[in-house]
Structures are given as structure tokens and as C-alpha cells.
Amino acid sequence: MPLIDALLANEPLLSILRAAILVAAGFVLAMLASRLVRRLLGPRLSAQTLQLARRGAFYGVLALFLASAMRELGFSLAVIMGAAGVLTVAIGFASQTTASNLISGLFLIGERSFEIGDIIRVGSTTGEVLSIDALSVKLRTFDNLFVRIPNESLIKSEVTTLTRFPIRRFDLMLGVAYKEDINRVQEVLMAVAERNTLCLDEPPPLFVFTGFGESSLDIQFSVWARRENFLALRNSIAAAIKAAFDQAGIEIPFPHRSLYTGEATRPFPVVLVDPPDRQSPE
Amino acid sequence: MSQVESRTSRTDWWRPRRVGDGRSLELQLGPLSLAVGRSGGAWLVAVSREEARDTASRARCRVRRRLPEQFEARYVQAQSAEWLRFEPLLADRPVVVRPYRPVFLLSHEEVTLYLSTPVFIRVAAGDPPTVLREIPSQPMSDTWFGPNTRSGELCFAGRTHARHRLEELPVRAHRAITPLRIRNATETALELEKFSLPVPVLTLFGAGNGSLWTQQITLVREEVGDLARVAIEGQPPDIGQTLERLAGPRQDPERGNLVLRTFSALFGAGGH
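I will try to describe carefully the structure that is included in this document. Keep in mind the model is a prediction, meaning the values are calculated, not measured.

1. Section: the overall build of chain B
1) Next: Scanning chain B from N- to C-terminus turns up two helices and 22 strands.
2) Next: When the 272 residues of chain B are sorted by exposure, 51% land in the buried category.
3) Next: The long-range share in chain B, meaning contacts at least 24 apart out of those at least 6 apart in sequence, stands at 77%.
4) Next: Total accessible area on chain B stands at roughly 12900 Å², and carbon and sulfur atoms take up 46% of it.

See below:
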């Protein structure tokens with residue numbers, strides 16, 4: 001009993017105890033607040049906004065309780081703030097990269113050019129966004145690798161969001177032999193697109209003659225598809241075009257080379273020889 | 001095209017049938033051939049389509065004494081009930097219908113066009129029925145309907161002759177006909193280039209001759225601006241036959257939303 005009385009009379013120990021209880025309670029309450037946010041807003045918000053709201057609730061509640069704990073220990077909040085300001089400058093100089101990533105992260109989240117669950121392409125990396133964190137963005141590539149991209153490099157470089165709009169266009173570059181009639185080629189291609197149910201009716205398929213190539217008439221044929229069907233369309237349309245060209249007798253040429261022997265050229269002498277197994281015995 | 005096959009009844013294919021073990025129920029509806037066989041505790045589903053023949057008017061449903069030879073999928077039902085139903089339904093997305101040739105509606109004129117869209121078949125087994133799958137009677141191409149490629153709606157694409165005389169309509173058992181009443185109250189002619197038919201909010205009816213119908217949609221092009229008044233009738237259309245309600249709307253029609261749609265939203269950007 002005297003021990004407890006002595007402890008209770010010990011003011012500094014008591015305040016440390018109170019501070020510890022405040023921090024612990026703050027931690028528990030912050031977790032509860034984060035869960036409450038998820039339960040209340042979960043169905044209404046996107047994964048990205050939900051994660052932001054949850055973190056906001058968690059750190060907000062925790063910060064309040066930490067500040068109270070500090071006061072309990074006798075620190076003046078104003079002094080702490082001032083010290084934090086000085087500290088920030090010092091840390092800022094010491095860890096420029098981290099600070100830059102942190103600020104970039106804020107801009108990335110504010111700009112909302114992509115969200116959790118989107119598929120983005122950065123440089124040569126394409127993958128699904130798993131999380132947008134303070135320092136980096138985490139991706140899962142299609143061959144199931146985990147890629148961490150620093151926020152700073154995302155801010156600086158070109159990022160393509162593949163899942164932003166509901167429909168996508170596939171540009172197929174192909175060449176046909178010089179002997180073919182371009183209008184007929186166009187008709188065959190349009191018929192292929194019309195028959196393919198994955199290919200959208202509207203916006204209509206696009207046929208562009210891109211030029212007289214080295215050994216072919218170069219054509220761009222662009223078709224639209226739902227984002228989800230993009231890969232399926234890409235494969236099915238190529239196969240269907242090959243089949244339709246074969247059926248219509250349209251040639252997809254190999255590279256041609258014409259050889260000349262000089263200015264006053266004469267044709268190369270060419271002699272036709274039977275293959276060895278068909279040559280007569282004599 | 002409009003000859004009716006008199007040998008088999010065209011109207012009762014959507015009623016539930018009793019299918020014994022080792023037997024199958026076959027449906028030939030337009031280009032679609034569908035067979036569902038009952039084997040022990042499982043349903044075997046076989047789907048095939050005939051595109052080449054002119055099969056538009058056929059509608060035949062019968063129980064066969066054998067199982068389908070090749071099947072696509074097997075649906076296992078622990079308590080194998082013997083009731084099977086092929087239920088017609090309207091498509092689950094709006095259908096963008098375009099006339100084969102341009103149609104113009106002159107100023108201060110009013111017309112009823114008959115537009116048809118392929119139906120889906122829902123295969124349901126047991127009592128109470130459990131849905132096995134839904135099959136479109138005819139494969140439909142996807143299309144995009146909206147002011148640009150960023151905002152809009154994914155739809156099915158369809159073509160129409162946009163017939164305006166009831167007696168000219170062919171009976172095509174796999175397509176549901178929607179009467180579209182259009183009034184042009186303006187001074188300029190209206191080109192009907194394409195129309196987004198909101199089939200998911202319509203109800204499906206069946207007539208005595210096997211034809212399928214939806215309610216009438218009424219559309220008035222007003223003088224002021226781009227707005228059009230759209231109304232979906234609550235009653236089945238008046239075609240001189242008794243109609244039986246087969247399936248309700250897939251989505252709740254949001255009345256306000258439909259009424260306030262702009263003309264360009266219904267007819268596409270270049271449609272007026």
C-alpha cells in the first residue's frame with residue numbers, strides 16, 4: 001500500500017503513465033476510426049479514395065492523441081512545432097530524394113491521373129496499380145512481378161493509363177502487293193470488321209493508305225473494341241484478315257529485290273534445271 | 001419470309017416442359033439451335049447456329065428421346081428437377097438500330113416505325129426455376145453510343161428496314177418488335193440515322209402467331225432546342241392480337257432520365 005501511495009504521489013511517473021495510456025487509447029481509437037471509415041464509405045468510394053480516407057482518419061486521430069500525450073508530459077505544443085520546423089529544414093537537406101518523393105506523391109494523388117486498380121504503362125513497364133504510397137507506386141506486371149516505381153520518376157516521366165476510357169483502338173499495320181486493287185482491299189477489310197462481333201460498329205473502322213513501301217502498298221487498318229475485349233479482338237481480327245486475304249487472293253508480299261548488272265544491262269542468264277531426283281539417268 | 005410453319009405450334013416454346021432422364025429439349029429459333037439434355041443430376045447444354053440458311057421464321061420446340069451428342073457445358077443440379085423452360089428476354093444493353101437506307105421524316109409528320117431486336121434465351125431448370133445460362137438468339141456486334149470516345153454507353157448494334165406498315169412485317173420468331181412512334185413538330189425534315197433503343201427497360205410480350213413485341217415508344221421532336229420528349233407506354237402495343245406478358249424489364253425505367261434525354265443522345269451526334 002505505501003508503495004502505491006508513493007507512486008501516486010510521484011507526479012512525473014503519473015504523467016508518463018497517463019501519456020502512455022493516451023497513446024495506447026489513441027492507437028486503438030485510430031484503428032477503430034479507420035475501420036469505421038471502411039465500413040461506412042467502403043461501398044461508395046473507389047479503392048483509391050477509400051485508402052486516402054482511411055489513412056486520413058487513422059493518422060488524424062493518432063496525431064490528436066499524441067499531441068495530448070506530449071502536453072501531458074509537459075511539452076509545450078508551440079515549442080514542439082517550432083522545433084519541428086527547424087528539424088524539417090535539416091531533414092529536408094539531408095534527405096532530398098525522400099522529400100522529393102513525398103511531395104511528388106502528394107501531387108500524384110492530387111492529380112488523379114490513375115488510381116488503384118488501373119493499368120498503367122511507365123517506360124517499358126505495364127502493370128496494375130496495387131497502391132499509391134508516400135514514396136512510391138507499386139505495380140503488379142502481367143507476368144506477376146512486383147515493381148516499385150519512385151513517385152519522383154513518375155512525376156517526371158510519361159505515364160499512360162490504359163484503363164481510363166471504356167473503348168480502345170487497335171491499329172494494324174499491313175502491306176499488300178503492288179498488283180492489288182486498294183479499293184478491293186478496303187472492301188475486304190471492312191467486311192472482316194463487320195463480321196467480327198468484338199469489333200465496334202461505331203466508331204467505324206478506319207482505313208488509311210500510308211504510302212508506297214519498298215515492296216508493298218502500306219495500309220493502316222484501325223478497329224475499335226471494348227477495353228476488356230482488346231486482346232481478343234487483336235488476335236481474332238489478324239487471323240480473320242489473313243483468312244479473308246487468302247480467300248480473296250490478295251497477296252501479303254515478302255520484301256522484293258530487283259537486281260541490275262549495270263547501265264547497259266542485259267538480263268542475267270537463267271537456266272532452268274530439274275531437281276536431281278527427277279533428272280533422267282542419262 | 002413470313003410463311004408460318006403450321007406443323008408445329010409456334011407459340012408455346014416458352015412454356016415449361018417436363019424432360020425425363022436421358023431425354024432432351026430442343027429449340028430451333030431463327031438461326032439458333034439449342035438442346036438441353038437431362039442426364040442423371042446434370043443438364044447438358046448444346047448450342048449451335050446456322051447462319052447460311054434463311055431460318056428467320058422457324059420456331060420449333062420438342063422433347064427428344066436422346067441426349068445431345070456434343071455439349072458445351074454441363075450444369076450439375078443436386079436435386080434434378082424435370083421441369084425445363086426456355087424463356088425469351090430482351091437484350092441486356094440498349095440496341096443501336098440503323099436503317100439500311102436513310103429514312104427522313106418530313107416536318108409536321110408522324111409515323112410509327114417497327115424496329116426489331118434479337119431476343120436472348122434464358123435456360124431455367126427446376127421448380128422453382130434456377131437459371132442455367134442466357135444465350136443470344138443471334139450474335140450481336142458491340143457498338144459505342146455517345147458524343148465522343150470518352151463518354152457514352154456500350155450497346156449492341158443492329159440494322160433495320162425501318163418498316164412503317166404492320167402488314168409488311170415478316171414474322172421472325174427470334175426478334176422482338178418495338179413500335180417507335182415519332183412526331184416531328186419542327187419545320188425541318190428529320191433524318192433518322194440511328195436510334196438507341198432502350199430495350200433493357202422494356203417489357204416483352206408474345207402474340208398468338210409467335211411474334212414477340214415490346215411496348216410502344218413515343219418520341220416527339222420539339223421546336224425548341226435539341227430536347228425530345230420520350231415516353232414508354234405502360235400497355236402492350238395495339239396490333240390487333242392478344243398479347244401475353246413474357247418478361248418484365250431488366251432495369252427499372254428511370255422515367256425522369258428517359259424524358260430528359262436530348263435528341264442527339266437518342267439519335268447520335270449527326271442524326272438531326
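There's plenty left to go through after this.
2. Some remarks on the pattern of salt bridges
1) Next: According to the stated counting rule, one finds 20 salt bridges over all chains in the structure shown.
2) Next: B:R15 is the salt-bridge partner of B:E244, the closest N and O atoms lying 3.2 Å from each other. With a gap of 229 residues between them, B:E244 in strand β22 (residues 243-247) and B:R15 in the segment before β1 (17-18) connect regions that are remote in the sequence.
3) Next: Residues joined by salt bridges that share partners form a network here, namely A:R55, A:D133 and A:K138.

3. Here we look at the sheet that holds strand β14 (residues 153-160) of chain B
All names here are of chain B.
1) Next: Overall, mixed pairing links the four strands, which are arranged β13-β14-β8-β17 in an open sheet. Strands at the two margins of the open sheet, each flanked by one partner only, are β13 (142-145) and β17 (195-197). In this sheet, adjacent strand axes meet at a mean angle of 45 degrees when their direction is disregarded.
2) Next: Judged from the five bridges that link them, strand β8 (residues 95-99) and β14 form a sheet pairing that is parallel. When the bridges of β14 are listed, V95 appears paired with F156.

4. Some thoughts on the side chain of A:D118
Residues and elements named next belong to chain A.
1) Next: Note on placement: D118 falls in the loop between α5 (96-111) and β1 (119-122).
2) Next: Among buried charged residues, D118 stands out as having no salt bridge; its nearest opposite-charge side chain is R164, 6.1 Å away.
3) Next: Reaching out from D118, the side chain makes a polar contact with the backbone nitrogen of E115 at a distance of 3.0 Å.
4) Next: Side-chain polar atoms of D118 contact the side chain of T163, separated by 3.0 Å.
5) Next: Setting aside chain neighbours within four positions, we find D118 in contact with G127, E128, V129, T161 and T163.

5. Section: the pairing of strand β2 (residues 125-132) of chain A
Residues and elements named next belong to chain A.
1) Next: Examined bridge by bridge, β1 and β2 share four bridges and lie antiparallel to one another. Bridge assignment links I119 to a residue of β2, and that residue is E128.
2) Next: A loop of two residues connects β1 with β2, the two strands running antiparallel in sequence, and G123 in this loop sits at a positive phi of about 60 degrees.
3) Next: Bridge analysis of β2 against strand β3 (residues 136-141) gives five bridges, and the strand direction is antiparallel. Its bridge partner lying in β3, E128 is registered against R140.
4) Next: What sits between the antiparallel neighbours β2 and β3 is a turn of three residues.

6. A few points about helix α2 (residues 11-41) of chain A
1) Next: Here α2(A) is 31 residues long and its end C-alpha atoms lie 44 Å apart, about the 45 Å a rise of 1.5 Å per residue gives.
2) Next: Restricting attention to buried positions, one finds in α2(A) the residues A:L14, A:S15, A:A19, A:G26, A:A30, A:A33, A:S34 and A:V37.

7. Examining unusual backbone geometry
Residue and element names in this part refer to chain A.
1) Next: The peptide bond linking E202 to P203 adopts the cis configuration, its omega dihedral lying at -10 degrees.
2) Next: Tracing the chain through its elements places P203 in the loop between α7 (182-195) and β7 (206-212).
3) Next: A positive phi angle, near 55 degrees, is found at R112, a position not held by glycine.

8. With respect to the sheet that holds strand β5 (residues 159-161) of chain A
All names here are of chain A.
1) Next: In spatial order, the strands read β4-β3-β2-β1-β5; together these five strands make up an open sheet with antiparallel pairing. Every other strand in the sheet has two partners, leaving β4 (146-150) and β5 as the edge strands with one partner each. Along the sheet, successive strands turn relative to each other by an average axial angle of 40 degrees, direction set aside.
2) Next: Relative to β5, β1 runs antiparallel, the two being bridged by three bridges. In the sheet register, V122 faces β5, and the bridge partner there is V159.

9. Here's the deal with the pairing of strand β7 (residues 83-89) of chain B
Residue and element names in this part refer to chain B.
1) Next: In terms of burial, β7 is largely enclosed, as five of its seven residues are buried.
2) Next: Here two bridges tie β1 to β7, and the two strands are oriented antiparallel to one another. Looking across to β7, one finds that R18 is bridged to W83.
3) Next: Of the pairings in the sheet, the one linking β7 to strand β11 (residues 120-125) comprises six bridges and is antiparallel in character.

10. What to know about the nonpolar core
Nonpolar side chains tend toward joint burial in soluble globular proteins.
1) Next: With 54 residues, the main nonpolar core has B:W13, B:L34, B:L84, B:F86 and B:I121 as its most contacted residues.
2) Next: Sort the elements by how many residues they give to this core and β11(B) lands first, with four residues.
3) Next: Once you skip the residues sitting within four places of it in the chain, B:W13 turns out to touch B:L27, B:L29, B:A59, B:C61, B:F86, B:P88, B:I121, B:A173 and B:L212.
4) Next: Within the second largest apolar cluster, 23 residues are counted, among which are A:L189, A:V192, A:L217 and A:A244.

11. A word on the state of the cysteines
1) Next: Scanning the model with the defined rule gives zero disulfides over all chains in all.
2) Next: The thiol sulfur of A:C199 is not disulfide-bonded, and the nearest other cysteine sulfur, from B:C155, lies at 15 Å.
3) Next: Here A:C199 falls in the buried class, since its relative accessible area comes to 2%.

12. Details of the interface of chain A and chain B
In many analyses, interface size is given as the accessible surface area lost on bringing the parts together.
1) Next: On the chain B side, the residues contacting the 14 residues of chain A number 13 residues.
2) Next: By the criterion of area lost to chain B, the three top residues of chain A are A:T197, A:D201 and A:E202, representing 44% of everything that side buries.
3) Next: Where chain A touches chain B, the interface holds two salt bridges.
4) Next: The partner of B:R98 in a salt bridge is A:D201, and the shortest N-O contact between them spans 3.4 Å.
5) Next: Across the contact surface, chain A and chain B share seven residue pairs in polar contact (both at pLDDT 80 or more).
6) Next: Along the lines of polarity and charge, the residues of the side of chain A that touches chain B split into eight nonpolar, three polar and three charged.

Definitions and limits used
- Residues numbered from 1 in each chain as written.
- Chains lettered and ligands numbered in written order.
- Predicted model: local features only at pLDDT ≥ 70, side-chain atom pairs only at ≥ 80, totals over all residues.
- Heavy atoms only, no water.
- Helix = DSSP H or I, 4+ residues; strand = E, 2+ residues; numbered from the N terminus.
- Buried < 20%, exposed > 50% of the residue type's maximum accessible area, 1.4 Å probe, protein only.
- Contact = heavy atoms within 4.5 Å.
- Areas by Shrake-Rupley, 256 points an atom, 1.4 Å probe, with all protein chains shown as cover.
- Salt bridge = Lys/Arg side-chain N within 4 Å of Asp/Glu carboxyl O.
- Pairing = 2+ DSSP bridges.
- Axes fitted to C-alpha atoms, helices over the stretch in contact; angles between N-to-C directions.
- Lys, Arg positive; Asp, Glu negative; His and termini not counted.
- Polar contact = N/O pair within 3.5 Å; in protein donor to acceptor, adjacent residues only side chain to side chain.
- Expected span 1.5 Å × (residues − 1).
- Core = buried A, V, L, I, M, F, W, Y, C linked by side-chain atoms within 4.5 Å.
- Disulfide = S-S within 2.5 Å.
- Buried area = accessible area lost by both parts, 1.4 Å probe.
- Nonpolar A, V, L, I, M, F, W, Y, C, P; charged D, E, K, R; others polar.

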